[in-house]
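Residues per chain, in single letters:
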Amino acid sequence: MAAADLRVLLMVLVHASGDLGWLEPPFCPRRDVNLVADPAAGLPPDVQQRIRQAAVEMLAVGTPPAIHDPGDTLMQRMMSVCLGESVPPEYARLTREEMALVPRRLGWPASVTRPAGRDDHVLIVGAGVSGIALGASLIELGVPFTIVEKAGDVGGAWFVNRYPGCGVDTPNHAYSFSFGPRFLWPRHFSRREEVLAYLRQVVEAVGLRWHIRLSTQLMGATWDEEAQQWVARLRGPEGDSELRSRVLVSAIGQLSDPQLPHIEGAGTFAGESFHSANWPQGLKVEGRRVAIIGTGATVMQLAPEIADTVRSLAIYQRSPQWARPIPGYRDPIGPEAQWLLAHVPYYAEWFRFTMFWRYGDGLLKTLKKDPDWPHPQRAVNAVNDRHRRELTDFIHAELEGRPDLLAKCIPDYPPYGKRILLDNDWYRMLRKPGVELVTEPIRRIAGAGIETADGTLREADVIVYATGFKLTEMAARLNIIGRGGRSLAQAWGDDDLRAYLGVMVPGFPNFFCMIGPGTSSGHGGSITFQSECQARYITSCLVRMAEQGVGAIDVRPQVLDDYQRRFDAEHETLIWSHPGMSTYYRNRHGRVFTVLPWRLVDYWQAAHDADLADFHCTRQAPVSA
């Protein structure tokens, strides 16, 4: 119990005893906004001891809990006490679902059974986080499905990316499903190997493995209007094949297609070069001269991991990034804390909630533009300016005595205007011998290395392109042909991706794209949460279709237009549309198209239950004899 997070343990005691006195003084935790909060919760030692002793006695008795599901009213009170702040009531139902106190996933209504002759087969493209979330929901619903995955194993980006230092920048317990087995994360921010092991464990536990066809790629899919089916062309180990399904789902996400820059002479380089997402298995960089192009999230993890072993490290930066210091970033989760997470009822659920909350919606309100703020060039409001001062002070402390690096490392745009990064000893690494941060533009790549605009040639043995992904394609690159022979690439032409709830596009019946346009989160949250929201929405559509004998749904253009107007209008009030910076959140026209402008709870509510009034509905075609 000495290792317990006391704010979590208090909630465990409420469940176990039903005694609401644990929600009153002197047992009220102090608010702590750190991602890894102080487990003592700001409580005095004598109160800490009373809580721990009561928990020991409760566990020793082992009686069933007095309260399993608190309901919305008590849940709101418990969340507010746990966090030391007032939690809005709309989060109560969401959190009860996240903790599996009430069902998160959809089942058939008691009065309805799925028609015996109905073929609702679903084809899911991608066996990463989104594909796993939807597959688990379909298993529970009893709907047949197939997942095709072009890689040799499940995990999506976590299987493909294997660069040194690869890991989460969201706390593990917030980057996990609300269902499936508990995983004993070794630390708060785990590496790629642990995340992949977790996803594999979930696949096995929920029975997904036999639904998945590995090393199988979707070559294209065409909508068959008469049959109300998608006709998919697949290429796998046994050659080409065709698969028909009522529903087609892209679960490839946004960060699956590497973006390589066009640099003169790239093909002449004599050493090894590759995108960071294609890190060669078994590659050794020890004692070699390494050049990395880019300074985004990948490089924040990669560069500190290899800096001490390479002969030299040159990092080519186009623009500096804001990075947050995270106390406890590398701290392990010890055996006592692991025992609590594995064995104490409700402990893991509340621990996961505290992580989700601190990495959730709280930041969004600080990213609103204040029209009366007098310094819009450096921040969007007073709180954002305070964040700027705090982050700038941190950089100055890390780079004390290095004015050359300070000039290169302090951004000129507001914090959070681009994806915020987590400091992984980045600034300390830049001070090390043999590490150089290059800000001169790259002129060309030569056989021996990289030449910058000032004429300097820095020799290299290895060039790593950490240059991001092709976000303006997403599912459009899957060669999907909808009604009237129109492709998704044509619908999203001119770099203008739009989808209702980020999921559905007019003219493409029964087609869903998970983590599509405008559904990644720029202010917090995790892809697992968004994936579960969208899995709920897709299965809700399937249930409504079966209930009403509908064979095909196609979102109405006016529904998408209204949604897009609200989406764009909200983004005009937020930091990501701030002028004077370039970011992958925006397309070439300057419109923000990748990130969600609303709170996570708002998206959860919007995607919770489908309304067939949003669609053109076609009755189910007669089943052929």
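This text follows the structure it describes.
Residues numbered from 1 in each chain as written. Predicted model: local features only at pLDDT ≥ 70, side-chain atom pairs only at ≥ 80, totals over all residues. Heavy atoms only, no water.

1. With respect to the sheet that holds strand β16 (residues 457-459)
- Overall, antiparallel pairing links the three strands, which are arranged β14-β15-β16 in an open sheet. Where the open sheet ends on each side, the last strands, each with one partner, are β14 (442-445) and β16. Shown here is a sheet whose adjacent strand axes are inclined to one another by a mean of 25°, direction ignored.
- Pairing of β14 with strand β15 (residues 449-452), which is carried by three bridges, proceeds in the antiparallel orientation. Each bridged residue has a counterpart across the sheet, and for isoleucine 445 the counterpart in β15 is isoleucine 450. (Pairing = 2+ DSSP bridges. Helix = DSSP H or I, 4+ residues; strand = E, 2+ residues; numbered from the N terminus. Axes fitted to C-alpha atoms, helices over the stretch in contact; angles between N-to-C directions.)

2. Topic: the packing of helix α3 (residues 71-83) against helix α10 (residues 347-358)
- It is the contact of α3 with α10, at a shortest axis distance of 11 Å, that shows an interaxial angle of 70°. As far as their axial angle goes, α10 and α3 are roughly perpendicular. Here α3 contributes Met75, Met78, Met79, Cys82 and Leu83 to the contact with α10, which in turn contributes Trp350, Phe353, Thr354 and Trp357.
- Of the residues that constitute the contact of α3 with α10, the class distribution is eight nonpolar, one polar and no charged. (Parallel < 35°, antiparallel > 145°, perpendicular 65-115°, else oblique. Contact = heavy atoms within 4.5 Å. Nonpolar A, V, L, I, M, F, W, Y, C, P; charged D, E, K, R; others polar.)

3. Quick look at empty space enclosed by the protein
- Applying the stated criterion to the full structure yields seven cavities of 30 Å³ or more.
- The wall of the largest cavity is formed by Gly165, Gly167, Val168, Arg187, Phe189, Ser190, Arg191, Gln301, Glu305, Tyr329, Arg330 and Asn424.
- Residues that form the lining of the largest cavity fall into these classes: three nonpolar, five polar and four charged.
- Here the second largest cavity is characterised by a volume of approximately 60 Å³.
- Around the second largest cavity, the lining residues are Asp169, Ala297, Met300, Gln301, Tyr329, Leu421, Leu422 and Asn424.
- At the level of secondary structure, the elements contributing two or more residues to the lining of the second largest cavity comprise α8 (297-306) and β12 (421-422).
- When residues of the lining of the second largest cavity are assigned to their parent elements, the largest contribution, three residues, is made by α8. (1 Å grid on protein atoms, 1.4 Å probe; cavity = no way out; pocket = protein on both sides within 12 Å on 5 of 7 lines; lining within 4 Å. Points joined across faces, edges and corners; volume = space filled by probe spheres on them.)

4. So, the pattern of salt bridges
- Considering all chains together, one arrives at 49 salt bridges under this definition.
- For the salt bridge of glutamate 140 with arginine 105, the shortest nitrogen-to-oxygen distance reads 3.0 Å. Pair noted here: glutamate 140 is in helix α5 (residues 129-141) and arginine 105 is in the loop between α4 (91-98) and β1 (122-125), with a separation of 35 residues, a long-range link.
- Linking arginine 235 and aspartate 240 is a salt bridge whose minimum nitrogen-to-oxygen distance equals 2.8 Å.
- Of the residues examined, arginine 235 reaches a relative accessible area of 43% and is grouped as partly exposed.
- Salt bridges linked by common partners bring Arg93, Glu97, Glu98, Arg104, Arg352 and Glu532 together as one network. (Salt bridge = Lys/Arg side-chain N within 4 Å of Asp/Glu carboxyl O. Buried < 20%, exposed > 50% of the residue type's maximum accessible area, 1.4 Å probe, protein only.)

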